[in-house]
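Inside the fold
Residue-level listing of the chains:
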Amino acid sequence: MPKISSDTLWELASAEVQSREDWTGGEEDGGVDPVSLNERTVFFIGNKAGGKTTILLRCLDRDEPPKPTLALEYTFGRRARGHNTPKDIAHLWELGGGTSLSDLVQIPITAQNVRSLSVVLVLDLSKPNALWGTMERLLQTARTQVEKACSKPQRSVESKAGSKQQAQNRPPRVLPKDHPDRELINPFPVPLLIIGSKFDIFQDFDSEKRKVICKTLRFIAHYYAASLIFTSSKSESLMSKTKSLFTQLAFGTEKGKSMSSDLSKPLIIPAGMDSLSQIGSPPTTDVDIGTLHAKNPLDLWKKVFEVVFPPENTSEHHRELKDPAKDPQYSEPQIDSMRAQKDTELDQYKRNVSKSWKGLELET
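You'll find the protein entered in an unreviewed UniProt entry as Cytoplasmic dynein 2 light intermediate chain 1, with Coregonus suidteri given as the organism. Entered under Sequence similarities (unreviewed entry) in the UniProt record, the comment concerning the protein runs "Belongs to the dynein light intermediate chain family."

A look at empty space enclosed by the protein
Here the structure, examined in full by the defined rule, presents one cavity of 30 Å³ or more. If you add up the space inside the largest cavity, you get close to 60 Å³. Around the largest cavity, the lining residues are Arg218, Ala221, His222, Ala225, Ala226, Leu228, Ile269, Pro270, Ala271, Gly272, Met273 and Asp274. Here the element with the most residues in the lining of the largest cavity is helix H6 (residues 207-223); it accounts for three residues.

Let's talk about the side chain of Lys52
Along the polypeptide, Lys52 turns up in helix H2 (residues 52-59). There is no salt bridge for the buried Lys52, and the closest opposite charge comes from Glu94, which lies 4.6 Å off by N-O distance. Polar side-chain contacts of Lys52 include one of 2.7 Å to the backbone oxygen of Asn47. Discounting residues that sit within four places of it in the chain, Lys52 has contacts with Phe44, Ile45, Gly46, Asn47, Glu94, Leu95 and Val122.

Some points on the pattern of salt bridges
In total, this model carries 10 salt bridges according to the counting rule given. With a shortest N-O distance of 3.2 Å, Glu136 and Lys302 are connected by a salt bridge. In this pair, Glu136 is assigned in helix H3 (residues 131-151) and Lys302 in helix H9 (residues 297-308), connecting sequence segments 166 residues apart. Residues Glu183 and Arg182 are paired through a salt bridge, measuring 3.8 Å at the closest nitrogen-oxygen approach. Classification of Glu183 as exposed rests on a relative accessible area of 65%.

What counts and how
Residues numbered from 1 in each chain as written. Predicted model: local features only at pLDDT ≥ 70, side-chain atom pairs only at ≥ 80, totals over all residues. Heavy atoms only, no water. UniProt positions renumbered as here; feature names shortened; annotations may be inferred. 1 Å grid on protein atoms, 1.4 Å probe; cavity = no way out; pocket = protein on both sides within 12 Å on 5 of 7 lines; lining within 4 Å. Points joined across faces, edges and corners; volume = space filled by probe spheres on them. Helix = DSSP H or I, 4+ residues; strand = E, 2+ residues; numbered from the N terminus. Buried < 20%, exposed > 50% of the residue type's maximum accessible area, 1.4 Å probe, protein only. Lys, Arg positive; Asp, Glu negative; His and termini not counted. Salt bridge = Lys/Arg side-chain N within 4 Å of Asp/Glu carboxyl O. Polar contact = N/O pair within 3.5 Å; in protein donor to acceptor, adjacent residues only side chain to side chain. Contact = heavy atoms within 4.5 Å.

Below you can see the structure in the form of structure tokens.
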């Protein structure tokens, strides 16, 4: 029996990634496309502790308590299409840490799965001051990686196979040609679902603040040609509607017809069903739009939103997160206790060494 080294798992993982990059499929050499028609990938991103794991578990009908996501986690879901037919498989990734670990998007977003990829952005409605910054950073990072994956054809023996793959990877247009806002928006390159979580807390906000958040998220969702829904883990009805939108992305089920744009109720707006004329202009009760120097409509909405909800200063928080050992999300009582003891011993050793050097008389 061969000896197994301690890093065998990492070597196997590395070999698997390399084999996918070196895949040379195509009809001519008998290869099989690794992204089969009944497999899809859904990538969850959003606020730290914003409810991503809770929503994912409820959508999968898993009755288990949610745990803090450690960096990047993977699970999967299966769904039977019918009797004696292959099951649909959904590869489900979840990014933890809010925006602090956004560089990890390169792992779940690849050239091999980008044609079957969807993104779910979960925004914590109870923390509006962090809403725009979280949305902007995560969507920008994800878009960059998606476009990189789309522009990188899978390696192929025949150059035309590479051209075919590149064409297949081209991001689709979401809005129909006759939509009045078609040239005014910037659709996200893959299907996008925006979920406003913790609606049970949000509904107790001041009505004017709710209006600003609702209209802003409607604009953001429409601008990116995304679906939008507000939900709460404490409402079975809202979770059921959220699950319906999730299964459309994960298993390709038929699109639902539910829609609600009433600002006094939870928003449910499927992609392409809204319009700039219905959304209206940014709510500017305390600000003169003429004094805002915006580069484009998205920038204008951002400036108006941040007047009402000034962004949080996260620079200090990000500095702290550079040392994961100090992040309470990864706390391990026994290990942390031993680490504290060793730190104390190290400090004492340093002091003793310092004293011994001071007392040392050098020969002249």
